[in-house]
Amino acid sequence: MKTTTRLIISGLAVAALLTAGWLGFDEQPNLTSNNITSDQLAAGQTPDLVRSQDVIDAKIQRKENKLAGKKADTPKNPADRAAWEVAQRVGDDGTIPDGALMRAKDQFDQLAKNYVPVNDKDNGIQSWDWLGPGNIGGRIRAIAIHPDDPSTMWIGGVAGGIWKTTNGGGSWSPMSDFIANLAVTFLVLDPNDPDILYASTGEGFGNADQLRGAGIFKSTDGGVNWNQLADTANSTFYWVNRLAHHPTESGHLFAATDGDLYESVDGGATWTSNFNPFGDCLDVRIHPSDGDLMLLGTSTNAYFSDDGGSSWTRITDGTNSTLTSPGRCEVAFAFSDTDVFFLSVDTNGGEIWRSTDGGGSWSMRTTGDNYLNTQGWYDNAIWVSPVDPDFVIVGGIDLWRSTDGGSTLTKISTWRNYHISPFSAHADQHIIIHHPDFDGSTNKQVFFGNDGGIQTAVDVETVSNTSGWSNLANNLGITQFFRGAAAPDGSVIVGGAQDNDHLRYRPGDGVQGWYQAETGDGGYAAVNFDDPSII
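Only a predicted model underlies this, so the values are computations on that prediction, with no experimental measurement involved.

J.: If you had to explain the overall build of the protein to someone new, which residues and values would you point to?
T.: Each helix and strand in the protein was counted, giving 5 helices and 32 strands. For the protein, long-range pairs separated by at least 24 residues make up 52% of all intrachain contacts whose partners lie at least 6 apart in sequence. Approximately 22,500 Å² of the protein is accessible, and the part contributed by carbon and sulfur atoms is 48%.

Below you can see the structure in the form of structure tokens.
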């Protein structure tokens, strides 16, 4: 009887496998020869992941063992095994060359094109069945909505690539599992042609599980195909946290990197440094009705420009406000009033600051509510109603609403009830965006991106901790697994996931039926081979 091997693999793992070994080389080595150079072996996933001498020595030893025909000695200790796995992907110098994944993908496509099965020895390796989870979600920082057809949306997973829905989140499909980088951080559309999209990569917020990017990508067909912008294929654009597109000028963009703010006026073909602020650039916004008004948030400060970015004024220097380099600043405009701006500041557990005179002066609206807790460096989001400058929502671990310009806050979500009735939003808020037809009366829908993917409140004025929430993680395969395990017969698969605890799959439950007891970070998982009911 033919046996079938069940494997669980994420998009990130596929990317790592494609990048590993000889697939990332500029020239394909002769795999039938033992004369493979160390330079040819230098391919992998993340150049600065590991540079230790131990890893370099392990790599050299692995090569020597292979040439001598010795079987690899796989470590049993989890930490040692993790280092060993990294050593399989790095070169002799402990690094991985830029562009390795793109070269790997090109060579993989060529191999697949020329592939001819021989006596069925591939054991089906060319065919994969997705097992899910399709109902859990994962961390996203990017949501974009088609302005003329709001049922069409795109999201970017920080480790899962770009996904699209054409039915308002009823189901999602991956746009390109094999773009050169899956660590998508932000998405913007050209205001004059929504088929043109830009995606930034590289999550530079300082979390331990962040993944390095590979610049900025562009699509001209609604997200079906993506091309890396050549001028961003370098280390300057490893960490691109946000993008902003001019409200009327096609191809005029700004990119907030871990260093400078960069600007392009030719659709991303060329980029120049616009501004070098204090701290890493984390957020950049342009007023939707006045392209000269801009706000910039960094890891330590906030800035304002009233001339389209030609000059910048530091808001947090103690002059325009009492804030002096307070910590991460998220920024927001009141769409209906060009004189009203907001900051969500990572200080004292979270503070909201507001200007009502076009950035001339700022006042603190609230402090002490602890809406950011101690995680404002990681999860920090602010949204202002496009029709009411006093209606504000801020997000840290949970979400809070204000109807008086940020003076008082009411908690409207409780993360422990994600996937537990009565349902609420997931934890760790990263992006808040309203429906294009939002008018505060007939349409009050807002979407929220966090560590659980995407949720929505149809009526943002009445949504509460455990009422009015809908989960849109429908067929959204972006869950970040740390580790997984399976029963020998495939009757159960378990895995520990980032901020989604331990998840369980049984074939009868299907892709949409993964079980989640609670949220919070998972970890290692195991299945008792003698009794798979013990996990």
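Here the narrative resumes.
J.: Let's hear about the packing of aromatic side chains: which residues, and what values?
T.: According to the stated counting rule, one finds 14 aromatic pairs in the structure shown. Here the aromatic rings of F275 and W312 are separated by 5.7 Å at their centres, their planes lie at 20°, and the arrangement is stacked. Of the two residues, F275 is situated in strand β12 (residues 272-275) and W312 in the loop between β15 (302-305) and β16 (313-314); the sequence distance between them amounts to 37 residues. The class for W312 is buried, based on a relative accessible area of 14%. When the ring of F481 is compared with that of W514, the centres are 5.9 Å apart and the planes differ by 50°; the resulting orientation is tilted. Here the residue F481 occupies a position in strand β29 (residues 481-486), and W514 occupies one in the loop between β31 (501-505) and β32 (515-516), the gap between them amounting to 33 residues. Judged by relative accessible area, which is 24%, F481 ranks as partly exposed. An aromatic cluster is built from F304, F333, F341 and W362, whose rings are joined through pairwise contacts. The lysine or arginine in question, R141, covers the ring of F205, its NZ or CZ lying 3.9 Å from the ring centre.

J.: Tell me about the environment of P389, and name the residues and values.
T.: Among the structural elements, P389 can be located in the loop between β21 (381-384) and β22 (392-395). Owing to a relative accessible area of 22%, P389 belongs among the partly exposed residues under this scheme. Separated by 14 residues in sequence, P389 and T403 place their C-alpha atoms 8.9 Å apart. The contact partners of P389, leaving out residues within four places of it in the chain, are A334, S336, V340, F342 and V384.

J.: Which residues make up the confidence of the model for the protein, and what values go with them?
T.: Looking at the protein as a whole, the pLDDT averages 85, with 83% of positions reaching at least 70. For residues 1-52, every residue scores under 50 in pLDDT, and the model assigns this stretch 107 contacts once sequence neighbours within four places are set aside.

J.: Which residues make up the layout of surface pockets, and what values do they have?
T.: The rolling of a water-molecule-sized probe over the atoms marks out the regions of remaining empty space. What the second largest pocket holds in volume is close to 1,100 Å³. For the second largest pocket, the lining is made up of 37 residues, of which R285, P288, F335, I433 and H434 are closest to its centre. Secondary-structure elements contributing two or more residues to the lining of the second largest pocket are β1 (140-145), β5 (184-190), β9 (240-245), β13 (281-287), β17 (329-333), β21 and β25 (429-434). Grouping the amino acids of the lining of the second largest pocket by side-chain chemistry returns 27 nonpolar, 6 polar and 4 charged.

J.: I'd like a description of the pattern of salt bridges, backed by residues and values.
T.: Under the defined criterion, the tally for this structure stands at 12 salt bridges. For the salt bridge of R285 with D283, the shortest nitrogen-to-oxygen distance reads 2.8 Å. Judged by relative accessible area, which is 26%, R285 ranks as partly exposed. Put simply, K444 and E461 hold a salt bridge, and the shortest N to O gap is 3.1 Å. Residue K444 is found in the loop between β25 and β26 (446-450), and its partner E461 is found in the loop between β27 (453-457) and β28 (469-471); the two are separated by 17 residues along the sequence. Taking relative accessible area as the criterion, E461 reaches 36% and is therefore assigned partly exposed.

J.: Lay out the sheet that holds strand β19 (residues 351-355) in plain terms, naming residues and giving numbers.
T.: Taken in spatial order, the 4 strands make up an open sheet running β17-β18-β19-β20, and their pairing is antiparallel. Either end of the sheet is taken by a strand with one partner, and the two such strands are β17 and β20 (363-366). The average angle at which neighbouring strand axes cross in this sheet is 30°, direction not considered.

J.: Provide a residue-level description of the side chain of S355, including the pertinent values.
T.: Among the secondary structure elements, S355 is positioned in strand β19. Look at S355 and you get buried, because its relative accessible area is 0%. Contact partners of S355, with chain neighbours within four places excluded, come to D339, V340, F341, G360, S361 and W362.

J.: If you had to explain the sheet that holds strand β3 (residues 161-165) to someone new, which residues and values would you point to?
T.: Read from one edge of the open sheet, 4 strands run β1-β2-β3-β4, paired in antiparallel fashion. Looking at the sheet topology across the chains shown, the edges are occupied by β1 and β4 (173-174).

J.: Got a sec to walk through the nonpolar core? Specific residues and values, please.
T.: By size, the foremost hydrophobic cluster in this structure holds 44 residues, and its most contacted members are I143, I155, I393, F448, I454 and W469. Once residues within four sequence positions are removed from consideration, I454 is found in contact with I140, I143, M153, I155, W172, F447, F448, N471, L472, A473 and L476.

Calculation rules
Residues numbered from 1 in each chain as written. Predicted model: local features only at pLDDT ≥ 70, side-chain atom pairs only at ≥ 80, totals over all residues. Heavy atoms only, no water. Helix = DSSP H or I, 4+ residues; strand = E, 2+ residues; numbered from the N terminus. Contact = heavy atoms within 4.5 Å. Areas by Shrake-Rupley, 256 points an atom, 1.4 Å probe, with all protein chains shown as cover. Phe/Tyr/Trp six-rings, centres within 6.5 Å; stacked < 30°, edge-to-face > 60°. Buried < 20%, exposed > 50% of the residue type's maximum accessible area, 1.4 Å probe, protein only. Lys NZ or Arg CZ within 6 Å of the ring centre and 35° of its normal. pLDDT = per-residue confidence, 0-100. 1 Å grid on protein atoms, 1.4 Å probe; cavity = no way out; pocket = protein on both sides within 12 Å on 5 of 7 lines; lining within 4 Å. Points joined across faces, edges and corners; volume = space filled by probe spheres on them. Nonpolar A, V, L, I, M, F, W, Y, C, P; charged D, E, K, R; others polar. Salt bridge = Lys/Arg side-chain N within 4 Å of Asp/Glu carboxyl O. Pairing = 2+ DSSP bridges. Axes fitted to C-alpha atoms, helices over the stretch in contact; angles between N-to-C directions. Core = buried A, V, L, I, M, F, W, Y, C linked by side-chain atoms within 4.5 Å.

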